[in-house]
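Remarks on the overall topology
Residues per chain are reported as follows:
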Amino acid sequence: MTKSMESSEKITHSIKTRVKKIWTLYTATERRNIAIYIFGIMLYKFGLEAFNGAIVTLATNRYDQDAYKTGTPARTFEKIGLLAGLNQAFQCVGSVLIAPLIKRWPTRTVLSASILVFAVFTAILLIVDAATGGYIKPASFTPANKNDFSYYGHYNTDWIIPIYCVTGIAYGMVELIRRVIPRDIVGGNPAKLQRMDALVHIFYEVSGTAGAFATALGLIPRLGNNYAFIITPILFTMSGITWIFLGTLQFNKSSSANGEAEESNYIKTILKKVSLFARSIYIGAKLIFTRRQFIWLWSGYAIALYGHRYLENGIAPQVARRYLGNSEWSQIIVGGSNFGELLGAFSVFVFANYVKTPMPWLRLDAIMLLIIWYIPYYYPPEDEVKYAWIIAATFIPISFGWAAGDVSLAAYIQRRHWHVLNPKIRKFHRLALSWLFSIHLTSSSMQLPIHFSENISTIFTIPREVSDQHLSIQLLFN
């Protein structure tokens, strides 16, 4: 008994010592900025989960409803693939548009402005739905059939695609800055960067998990898919206001003034950036595939990120609608995925001193990803929510491996880039990193519509015993 008490006291003392060591690692200003940044990003992530989850399920239901009313074959997930692919392509546009702004103004100012613009864009679909006769789902609503959504607005479902593309521009702006700002807050110290990246990811996924479950279990059932994201503009605005209180970080006014003198016209700057973007794709690809220090990042970062987005934005909606018969339950699956990311980020935070390279985490990610292959051969009954929770549980280890690899790899890339002193080499590093993110976005925008095509069955030989709802899922894995 005494030995067990002594052992527990030692463990408690060890934890307290480790926490105190991490706390003293950062200065008071850094701790303040990290706290403000985390609070803002939790508001952002909760609103983002509500928006993405509601939009995808809304489009899924509307396309199925249109096919039912017109008596034509459903091409729902072909359109959903196009929707997701174009959104990611427009994220690339947003990252190009934001680059000149970061040079001219403090990062916190650009970040706050971007999220406020995003808030305005997310409200567009709410206005369109209300203007065309849509209303909040009545509490007593009983559908005449599984494709009855009479409380939706009477507009062409294809209108969702350009609206979602416009939000992709603002999304790309915010996501690019979000990946840069940790280095501006704590500098290039490897221990600080890795722990901050992990800590931010932990709180980011806590909010993401809560947002996904709240959307699936509360917002969509009570408000309907068409109004479930009514909280998104509010949360985005609160996030933007919160980030205004960040310190000026490492913004250099003198270098900003020089940048303004050299490039005073924003339109000219954007056109120049577009031309340079095309050139940077070529140079970045050349650097990635011709240098040993970079070539492994192509599969370790770009392909892994694409695969993760594909599972959440592609597999989850199809499984929810075609397997389980309820598109809202895709957010339960996404919630399980987010919880796995939370555990992965927490593991990196705890073992940062012991695992100093991203390679073990990336190998774990590759092994865990094999779990997904049970999906094409799984036959759960429809309209039973417990099976959505079972599928969500299987997504936890998959996303655990991805998040652990992503957090450790992000910190590795940031500190490698930070410690390069030669400006010319630093420029080449930026081009290589830009190519990695761009290839993820462009591959997503091209591959998602192809993967989701429900008229692709003539290409493959499908066993006769495969039921209709499993057909498109099996095609995704071919």
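Just so we're clear, the structure is a prediction, and the values are computed from it rather than from any experiment.

With respect to helix α13 (residues 330-350)
Helix length check: α13 (21 residues) gives 31 Å between terminal C-alpha atoms against 30 Å at 1.5 Å per residue, within 8%. Counting buried residues along α13, 17 of its 21 residues qualify, which places the element largely inside the surrounding structure.

Focus on the packing of helix α2 (residues 28-70) against helix α12 (residues 297-323)
Running from N to C, α2 and α12 point in directions that differ by 40°, and their axes come no closer than 11 Å. What the angle tells us is that α2 and α12 run oblique. As for how α2 packs across α12, the hand of that crossing is right-handed. Every residue of α12 that contacts α2 at V56, T60, N61 and D64 is listed here: P317, R321 and R322.

Brief notes about a nonpolar patch on the surface
Nonpolar side chains collect at one region of the surface, where F289, I295, W298 and I303 lie side by side and expose about 350 Å² of accessible area between them. Residue classification places W298 among the partly exposed positions, given a relative accessible area of 34%.

Digging into the nonpolar core
Membership of the largest hydrophobic core comes to 31 residues, with the highest contact counts inside it found for Y37, Y44, F118, M196 and W243. Those elements that place two or more of their residues in this core are α2, α3 (76-104), α4 (107-122), α6 (160-186), α7 (190-223) and α8 (231-244). The element contributing the most residues to this core is α6, with nine residues. Setting aside its immediate chain neighbours within four residues, W243 contacts I36, Y37, G40, I41, Y44, R108, L111, S112 and I115. Within the second largest apolar cluster, 29 residues are counted, among which are I55, V56, F149 and Y227.

Some thoughts on unusual backbone geometry
Of note in this structure, D383 is not a glycine but carries a positive phi near 60°. Inspection of the secondary structure assignment puts D383 in the loop between α14 (359-368) and α15 (385-418). For D383, a relative accessible area of 53% puts it in the exposed group.

Details of the packing of aromatic side chains
Per the stated rule, a full pass over the model turns up 14 aromatic pairs. Seen from their ring centres, F51 and Y164 are 5.9 Å apart, and the 40° between their planes marks the pair as tilted. Remark: Y164 occurs in helix α6 and F51 occurs in helix α2; sequence separation between them is 113 residues. Classification of F51 by relative accessible area gives buried; the value is 3%. Among the residues examined, Y164 registers a relative accessible area of 7% and is labelled buried. Where F118 meets F236, the ring centres are 4.7 Å apart and the plane angle is 45°; that geometry is what we call tilted. Taken together, the residues F118 in helix α4 and F236 in helix α8 connect sequence positions 118 residues apart. Taking relative accessible area as the criterion, F118 reaches 1% and is therefore assigned buried. The exposure class of F236 is buried, given its relative accessible area of 0%. Among the aromatic residues, those joined into a ring-pair cluster are Y37, Y44, F51, F118, Y164, Y171, F229, F236 and W243. Its guanidinium or amino end placed over the ring of Y155, R62 lies 4.0 Å from that ring's centre, counting from NZ or CZ.

Regarding the packing of α2 against α8
Between α2 and α8, the shortest axis-to-axis distance is 8 Å and the interhelical angle comes to 165°. In terms of orientation, α2 and α8 fall into the roughly antiparallel class. Where α2 crosses over α8, the two elements pack in a sense that is left-handed. Where α2 abuts α8, its residues I36, Y37, F39, G40, I41, L43, Y44, F46, G47, L48, A50 and F51 lie against I231, T232, L235, F236, M238, S239, T242 and W243. When the residues that make up the contact of α2 with α8 are grouped by side-chain class, the tally is 15 nonpolar, five polar and no charged.

A few points about the pattern of salt bridges
Counted according to the given criterion, the structure contains five salt bridges. A salt bridge links E49 to K45; the shortest N-O distance between them is 2.8 Å. With a gap of four residues between them, E49 and K45 both fall in helix α2, about one helical turn apart. As far as the burial class goes, E49 and K45 line up, both buried. With a shortest N-O distance of 2.8 Å, R75 and E78 are connected by a salt bridge. Residue classification places R75 among the partly exposed residues on the basis of a relative accessible area of 40%.

Things to note about the side chain of K45
K45 sits in the buried class, given a relative accessible area of 7%. If we ignore the near neighbours within four places in the chain, the residues touching K45 are Y204, E205, S207 and G208.

Brief notes about the confidence of the model for the protein
The predicted coordinates should not be examined in detail at positions where pLDDT is low. Taken as a whole, the protein shows an average pLDDT of 76; of its residues, 73% reach a score of 70 or greater. Per-element averaging of pLDDT across the protein places helix α17 (residues 468-476) at the bottom with 44 and α8 at the top with 93. Contacts of residues 418-422 to residues separated by more than four positions or lying in other chains number ten contacts, the stretch itself having pLDDT below 50. Overall, residues 454-478 carries pLDDT values under 50, and its contacts beyond four positions in sequence, including any with other chains, amount to 48 contacts.

Overview of the environment of D406
Turning to its location among the elements, D406 is positioned in helix α15. Judged by its relative accessible area of 11%, D406 is buried. Beyond its immediate chain neighbours, meaning those up to four positions away, D406 contacts H201 and Y301.

Parameters at a glance
Residues numbered from 1 in each chain as written. Predicted model: local features only at pLDDT ≥ 70, side-chain atom pairs only at ≥ 80, totals over all residues. Heavy atoms only, no water. Helix = DSSP H or I, 4+ residues; strand = E, 2+ residues; numbered from the N terminus. Expected span 1.5 Å × (residues − 1). Buried < 20%, exposed > 50% of the residue type's maximum accessible area, 1.4 Å probe, protein only. Axes fitted to C-alpha atoms, helices over the stretch in contact; angles between N-to-C directions. Parallel < 35°, antiparallel > 145°, perpendicular 65-115°, else oblique. Left-handed = near helix turned anticlockwise from the far one by under 90°. Contact = heavy atoms within 4.5 Å. Patch = residues over 30% accessible without salt bridge, like charges linked within 9 Å, V, L, I, M, F, W, Y side chains within 5 Å. Areas by Shrake-Rupley, 256 points an atom, 1.4 Å probe, with all protein chains shown as cover. Salt bridge = Lys/Arg side-chain N within 4 Å of Asp/Glu carboxyl O. Core = buried A, V, L, I, M, F, W, Y, C linked by side-chain atoms within 4.5 Å. Phe/Tyr/Trp six-rings, centres within 6.5 Å; stacked < 30°, edge-to-face > 60°. Lys NZ or Arg CZ within 6 Å of the ring centre and 35° of its normal. Nonpolar A, V, L, I, M, F, W, Y, C, P; charged D, E, K, R; others polar. pLDDT = per-residue confidence, 0-100.

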